[in-house]
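Chain and residue survey
For reference, the chains in residue letters:
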Amino acid sequence: MTDYAIEARDVAVTYADGTEAVCGVDLLVEAGEFFGFLGPNGAGKTTLIKTLVTLLRPTDGSVTINGFDAVAKPRSVRATIGYMAQETSIDPELTARENLRFACDAYGVSRAERGGRIDELLELVELTGVADKVADNFSGGMKKRLDVATALVHQPPLVFLDEPTTGLDPAARNRLWEYFQRINDEGTTVFLTTQYLEEADQLCDRLSVIQDGSVVADGTPEALKQRVGGEILAVELSDPDESERAVAVARDESLFAEGAAIEPTESGLAVTARDARTRGTDLLVALRDADIGVVGFDVRAPTLDDVFLAVTEERPDAESPTETADVRTETGGGGGDSRATTVPDDGKTGPAGDADGVNR
Ligand code: ATP
């Protein structure tokens, strides 16, 4: 029995039309972790998550979930995971309680356990008051909350959440974050895909950033931010057309420690440097001496946005002037060779009473 909840080695997924959606991804997620998988649209997040929950078969590599090989033992995998797909799977014609009962049927939760479990889950996602109302009238946030609950009826030790808060307003999103955090605090391993950097930052112990099917950076949110290379000093110029000249001043004066990234921005320039805060005033003086007007400046700690931009922007262009990050930038497509394209269709995501259908 492995110690890992998720062990994916060199996983590649090529669709039947030849699209190499996932190219040689390695992932190790320990039991109890809250792990994030972050990437822009089309990066391969959903393809990977479907592979982990056994809806897609990897074209290459191996996937082990809770100690079970995903290709050889898909049913065992499915019995030990919960999966919240991107598209809601609740039946709008059923009440919240009926939806949960239906999920209990699909997951084989015994009748004896059912009542208590459903009440607990309704409470967890704060739907007790509307338990017997038809879900069709629920807000988007309420539907998502019910969706989360249906993925948890069999108390799985590992839950997969595919962009669970997309389309929700900030208040609804915050509420869901609380439930995810609570589930994780109680010991459930959580694997979350998201496009929201703030979400990953708030929730995840560790995360991987995926682009074009390849992992381009991974680590704790803090470590990733540190890899951006210091704090960020943004200077707003009275004449943004002076940006390039200002950048030259910042570089010529050798104001900042080695490794600083100095770049033009739309309103002026940005310096990412370990000594951005302490040397900021020196830069302002140098700009004034060069007759370049400054109307504002700001020093801030890096966010995951900076990490994300650093690793996902301009990667295809080797001539890019970007010097910002020292994150991993190996080119995507490792493993993108001419592999067989025998990935089964992924059409089923509903509970659907299909013994083979993934949970949910
Ligand atoms: P999003 O955030 O938009 O959901 P994603 O990161 O989840 O994006 P995927 O949906 O996994 O990305 O898509 C990865 C790549 O695979 C994209 O180029 C997409 O167009 C392609 N793709 C997805 N599903 C299929 C399919 N069934 N057949 C062929 N190509 C597909």
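1. Side note on the site of the ligand
The full set close to the ligand counts 13 residues, and Tyr15, Ala21, Lys45, Thr46 and Thr47 are the nearest of them. In terms of residue count, helix H1 (residues 45–52) provides more of the shell around the ligand than any other element does, three residues in total. When its residues are assigned to classes, the shell around the ligand shows three nonpolar, eight polar and two charged.

2. A word on the nonpolar core
Core analysis: the largest hydrophobic core is formed by 79 residues, its most contacted members being Leu52, Ile65, Val159, Phe160, Val190, Phe191 and Val209. Not counting chain neighbours up to four residues away, the residues in contact with phenylalanine 191 comprise Ile6, Val29, Phe35, Phe37, Leu52 and Phe160. By size, the runner-up hydrophobic cluster in this structure holds 21 residues, among which are Leu233, Val235, Leu237 and Val271.

3. Some thoughts on the sheet that holds strand S6 (residues 81–84)
Pairing in this open sheet of six strands is mixed, and the strands run S6-S7-S8-S3-S9-S10 from one edge to the other. With partners counted over all chains shown, the strands left at the sheet margins are S6 and strand S10 (214–219), one partner each. Averaged over all neighbouring strand pairs, the angle between strand axes comes to 15°, with direction disregarded. In terms of strand pairing, strand S3 (residues 34–38) meets strand S9 (residues 206–211) through four bridges, oriented parallel. Within S9, the position partnered with glycine 36 by the bridge is leucine 207. Helix-sheet contacts for helix H6 (residues 170–185) involve S3, strand S7 (158–162) and strand S8 (189–194), and the interaxial angle to S8 is about 150°.

4. Overview of the sheet that holds strand S2 (residues 20–30)
The strand order across the open sheet built from four strands is S2-S1-S4-S5, with neighbouring strands paired in antiparallel fashion. Sheet topology places S2 and strand S5 (68–69) at the edges, where each strand pairs with a single neighbour. Across seven bridges, strand S1 (residues 4–14) lies against S2 in antiparallel orientation. Looking across to S2, one finds that glutamate 7 is bridged to leucine 28.

5. A look at the pairing of S9
Most of S9 sits out of view: five of its six residues are buried. Connecting S9 to the antiparallel partner S10 that follows it, the hairpin turn spans two residues, and aspartate 212 within it adopts a positive phi of roughly 50°.

6. As for the confidence of the model for the protein chain
Mean pLDDT for the protein chain: 83, with 86% of residues reaching 70 or above. The weakest mean pLDDT in the protein chain belongs to helix H11 (residues 304–312) at 77; the strongest belongs to strand S4 (residues 60–65) at 97. This model gives residues 314–360 a pLDDT under 50, and the stretch forms 100 contacts once residues within four places in sequence are excluded.

7. Side note on the pairing of S1
As a general feature of sheets, a regular strand has side chains that alternate between the two faces. Along S1, eight of the eleven residues are buried, which leaves the element largely enclosed by surrounding structure. The turn joining S1 and S2, which pair antiparallel and follow one another in sequence, is formed by five residues; a positive phi near 95° is taken by glycine 18. Sheet topology places S1 next to S4; five bridges connect them, and they run antiparallel. If you follow isoleucine 6 over to S4, its bridge partner there is isoleucine 65.

8. A closer look at the packing of helix H3 (residues 96–107) against helix H5 (residues 140–150)
Across the interface, H3 lies against H5 with an axial gap of 9 Å and an inter-helix angle of 30°. Judged by the inter-axis angle, H3 sits roughly parallel to H5. The hand of the H3/H5 crossing is right-handed. Between H3, through Ala96, Asn99, Leu100 and Ala103, and H5, the contact on the second element is made entirely by Leu146, Ala149 and Thr150.

9. A word on H3
Given 3.6 residues to a turn, an α-helix orients residues that are three or four positions apart in the same direction. End to end, H3 covers 17 Å across twelve residues, agreeing with the expected 16 Å (1.5 Å per residue, within 8%). Within the sequence span of H3, burial applies to Ala96, Arg97, Asn99, Leu100, Ala103, Cys104, Ala106 and Tyr107. Tucked into the core, H3 has its buried residues touching helix H4 (111–124) and H5. Where H3 terminates, the next one or two residues include glycine 108, which has phi positive at roughly 70°.

Conventions and cut-offs
- Residues numbered from 1 in each chain as written.
- Predicted model: local features only at pLDDT ≥ 70, side-chain atom pairs only at ≥ 80, totals over all residues.
- Near = placed C-beta within 6 Å.
- Helix = DSSP H or I, 4+ residues; strand = E, 2+ residues; numbered from the N terminus.
- Nonpolar A, V, L, I, M, F, W, Y, C, P; charged D, E, K, R; others polar.
- Core = buried A, V, L, I, M, F, W, Y, C linked by C-beta atoms within 7 Å.
- Buried ≥ 20, exposed ≤ 12 C-beta atoms within 10 Å, placed from the backbone.
- Contact = placed C-beta atoms within 7 Å.
- Pairing = 2+ DSSP bridges.
- Axes fitted to C-alpha atoms, helices over the stretch in contact; angles between N-to-C directions.
- pLDDT = per-residue confidence, 0-100.
- Parallel < 35°, antiparallel > 145°, perpendicular 65-115°, else oblique.
- Left-handed = near helix turned anticlockwise from the far one by under 90°.
- Expected span 1.5 Å × (residues − 1).

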